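Summary of structural features
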Amino acid sequence: MKHNVSADTARGLSEQASGSAKGVPSSPSRAFFLQNIRGRFGMMISQKEKELARTTDQQAIEKLQKSIGSQKDKLQKFEEALENIPPQFTLSELVYTRISKEQNKKTEREYSDYVRPRFLMFLADKFPAELKKLGICDHGIKRMKHGLDPADEDRAVYNMTVDHIIERSGSGDWGHDQELDESIHNGHRKTYKVNHFSNLILLPASIHDGIKNAINEVQELPNLKPGDTSWAMMMVTRGRTEAECYMYVPEDAEEQKKFVWKHQRRISNEIYQIGVMAGQLTSECRIFQEYEEARKEKSGKGKKNGVSGKFNAGEDAQRVFDRRIKPLVQELLDIIDSVEERIEQNRQRDPAGMEECERQLTGALQRPVFGPLRSQLRKVEDMTGKSVGKPLMIRRRNLLEDLTGGHPFDGKYQPRAANSNQPKKAPHPHKLDHKRGGFKK
């Protein structure tokens, strides 16, 4: 894709994406969309209210009241969304061509494991001034340079989400066809067209959920079958500047405060992130190996009797190692430290809650993803001569032994009393030396 999806191009590009779909009728007007949505909801609510007036069964009454309330709530949110569309965006008619759930999962997996972190890196490299205007601090931008979600120094995460302008679920041929994305730094992987940077935009979750999704949800798009096509009305960036093609840029500080904030830290959320980060790190280790093997095959160097010889990093592999693998290892270690520390701080105040958190932490550290992760990290260590993954695996094993009474991989969580006199272990010296963390030449 050569052109960003914006108000000027969205319609034409969505028609292009519909590709092999059945004949697409001409687009209805924006006025028709609005009239149709309001009329359809008004009719559904009226019919259910008439049915409610005739019903005497209490269970049926409650069911109808719930349905009427839900329909009215959707319509109200839709009307509020229309009134609160930020100046950067407008409504645009798009062709929505449904893809199968199985294919949507493939595009989602590629997006999560490979595309999304690189899009965050791209934004941090290219638009740091606009990110600051958005309200993200220097520490958050630094995290984005490593493909991590923006957060402040206290680990409070900004309410940002990366959104597909032409939706993955309605991307038609773009959800099936892959080609190289010229925006990805030295990318060698072909990606689904729907996942190209030109179809992505960074939004505050308050705009994504409260405005864009509120408009999408009243249009019955999930009822389409794979291959079916329909016109839809969606919120699309005007693309007035290059930055606005890729991210929300508030008009002023007042607008920024209206939509941007930070999420309250929760122990359960950080525990969930352990599994997510472990999966991402596994993927990055595989990408690192792909890049390095491709370089070796191209150069004909680096192999001796079928075994890797002295390692000399190519630019792509070096970038993955420095800006993804090392930061992800450190992020995992930091999250584990944070969870353990916060459980300890809250143990006496909320013993039952912290016991549940420890049980969740045990489950997270025993997730199957850590098997492939250990294997992939060892391969990276063999290729680089650096024990980048060793501190993480030692930390995980020691904590699991503590939580399971010495049986880290087949034991269950062993609850500890809130007033336990068990001595606290010394901090783990796991911090990576990034200055000396390069490749062995």
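Right, let's walk through the structure included here. A quick note: this is a predicted structure, and the numbers were derived from the prediction, not measured.

The rules behind these values
Residues numbered from 1 in each chain as written. Predicted model: local features only at pLDDT ≥ 70, side-chain atom pairs only at ≥ 80, totals over all residues. Heavy atoms only, no water. Phe/Tyr/Trp six-rings, centres within 6.5 Å; stacked < 30°, edge-to-face > 60°. Helix = DSSP H or I, 4+ residues; strand = E, 2+ residues; numbered from the N terminus. Buried < 20%, exposed > 50% of the residue type's maximum accessible area, 1.4 Å probe, protein only. Lys NZ or Arg CZ within 6 Å of the ring centre and 35° of its normal. Polar contact = N/O pair within 3.5 Å; in protein donor to acceptor, adjacent residues only side chain to side chain. Axes fitted to C-alpha atoms, helices over the stretch in contact; angles between N-to-C directions. Parallel < 35°, antiparallel > 145°, perpendicular 65-115°, else oblique. Contact = heavy atoms within 4.5 Å. Nonpolar A, V, L, I, M, F, W, Y, C, P; charged D, E, K, R; others polar. Salt bridge = Lys/Arg side-chain N within 4 Å of Asp/Glu carboxyl O. 1 Å grid on protein atoms, 1.4 Å probe; cavity = no way out; pocket = protein on both sides within 12 Å on 5 of 7 lines; lining within 4 Å. Points joined across faces, edges and corners; volume = space filled by probe spheres on them. Core = buried A, V, L, I, M, F, W, Y, C linked by side-chain atoms within 4.5 Å.

This part takes up the packing of aromatic side chains. Applying the stated criterion across every chain, the model contains 10 aromatic pairs. Aromatic pair F119 and F197: ring centres 5.2 Å apart, planes at 70°, arrangement edge-to-face. Highlighted residues: F119 in helix 4 (residues 101-126) and F197 in the loop between strand 4 (190-192) and strand 5 (200-204), separated in sequence by 78 residues. The residues F119 and F197 share a single accessibility class, namely buried. Between the NZ or CZ atom of R189 and the centre of the ring of Y114, over which it lies, the distance is 5.1 Å. The ring centre of F409 lies 5.9 Å from the NZ or CZ of R374, which sits over that ring.

With respect to the helices and strands, H196 occurs in the loop between strand 4 and strand 5. Looking at H196, the relative accessible area reads 1%, which means it is buried. A polar side-chain atom of H196 sits 3.0 Å from the main-chain carbonyl oxygen of E179.

Another point: the packing of helix 10 (residues 267-299) against helix 12 (residues 351-365). The axes of two packed helices give the description: the angle between them and the distance between them. With their axes 9 Å apart at the nearest point, helix 10 and helix 12 run at an angle of 10° to one another. One way to sum up the angle between helix 10 and helix 12 is to call them roughly parallel. Taken together, the residues of helix 12 that come into contact with helix 10 (itself represented by I267, S268, I271 and I274) are M354, C357, Q360, L361, A364 and L365. Per-class residue counts for the contact of helix 10 with helix 12 are 8 nonpolar, 2 polar and no charged.

Glancing now at the pattern of salt bridges. For the structure on display, the rule yields 34 salt bridges. Residue R30 is joined to E93 by a salt bridge in which the shortest nitrogen-to-oxygen separation is 3.4 Å. Taken together, the residues span a long stretch of sequence, with R30 in helix 2 (residues 30-54) and E93 in strand 1 (residues 89-97) at a distance of 63 residues. Overall, E93 belongs to the buried group, its relative accessible area being 11%. Two residues, E290 and R189, come together in a salt bridge whose shortest N-O distance is 2.8 Å. Separated by 101 residues along the polypeptide, E290 in helix 10 and R189 in the loop between strand 3 (178-180) and strand 4 bring together distant segments of the chain. Residue E290 is classed as partly exposed on the basis of its relative accessible area, which comes to 37%. By relative accessible area, which is 26% here, R189 ends up partly exposed.

This part is about the layout of surface pockets. For the largest pocket, the calculated volume is near 1100 Å³. If you trace the largest pocket, you find 38 residues lining it, with R116, D149, V157, M160 and Q273 closest to the centre. Mapped onto the lining of the largest pocket, the elements with two or more residues apiece are helix 4, strand 2 (160-164), helix 7 (205-216), helix 10 and helix 11 (315-346). Among the elements that take part in the lining of the largest pocket, helix 10 stands out by supplying 7 residues, more than any other. Of the residues belonging to the lining of the largest pocket, the class tally is 13 nonpolar, 13 polar and 12 charged.

What follows covers the environment of D402. Mapped onto the secondary structure, D402 falls in helix 14 (residues 390-404). Overall, D402 belongs to the buried group, its relative accessible area being 14%. Distance in space between the C-alpha atoms of D402 and Y413 is 9.0 Å, their sequence separation being 11 residues.

We now examine the nonpolar core. One broad trend across soluble globular proteins is that nonpolar side chains are buried collectively. Counting 106 residues, the largest nonpolar core has L131, L202 and L281 as its most contacted members. Looking at this core element by element, the count peaks at 12 residues for helix 11. Filtering out sequence-adjacent residues up to four positions away, L131 remains in contact with L123, A124, I136, I141, M144, L202 and M247.

A separate point is the environment of E62. For E62, the position within the fold is in helix 3 (residues 58-83). Residue E62 is classed as partly exposed on the basis of its relative accessible area, which comes to 45%. It is 9.2 Å that separates the C-alpha atoms of E62 and L52, two residues lying 10 residues apart in sequence.

Phi at R155 is positive, roughly 70°, even though this residue is not glycine. The residue R155 is located in the loop between helix 6 (138-144) and strand 2 in this model. At E220, a position not held by glycine, the phi torsion is positive, near 60°. With respect to the element layout, E220 can be found in the loop between helix 7 and strand 6 (229-237). Since its relative accessible area comes to 40%, E220 is described here as partly exposed.

All we've got here are geometric facts, nothing functional implied.
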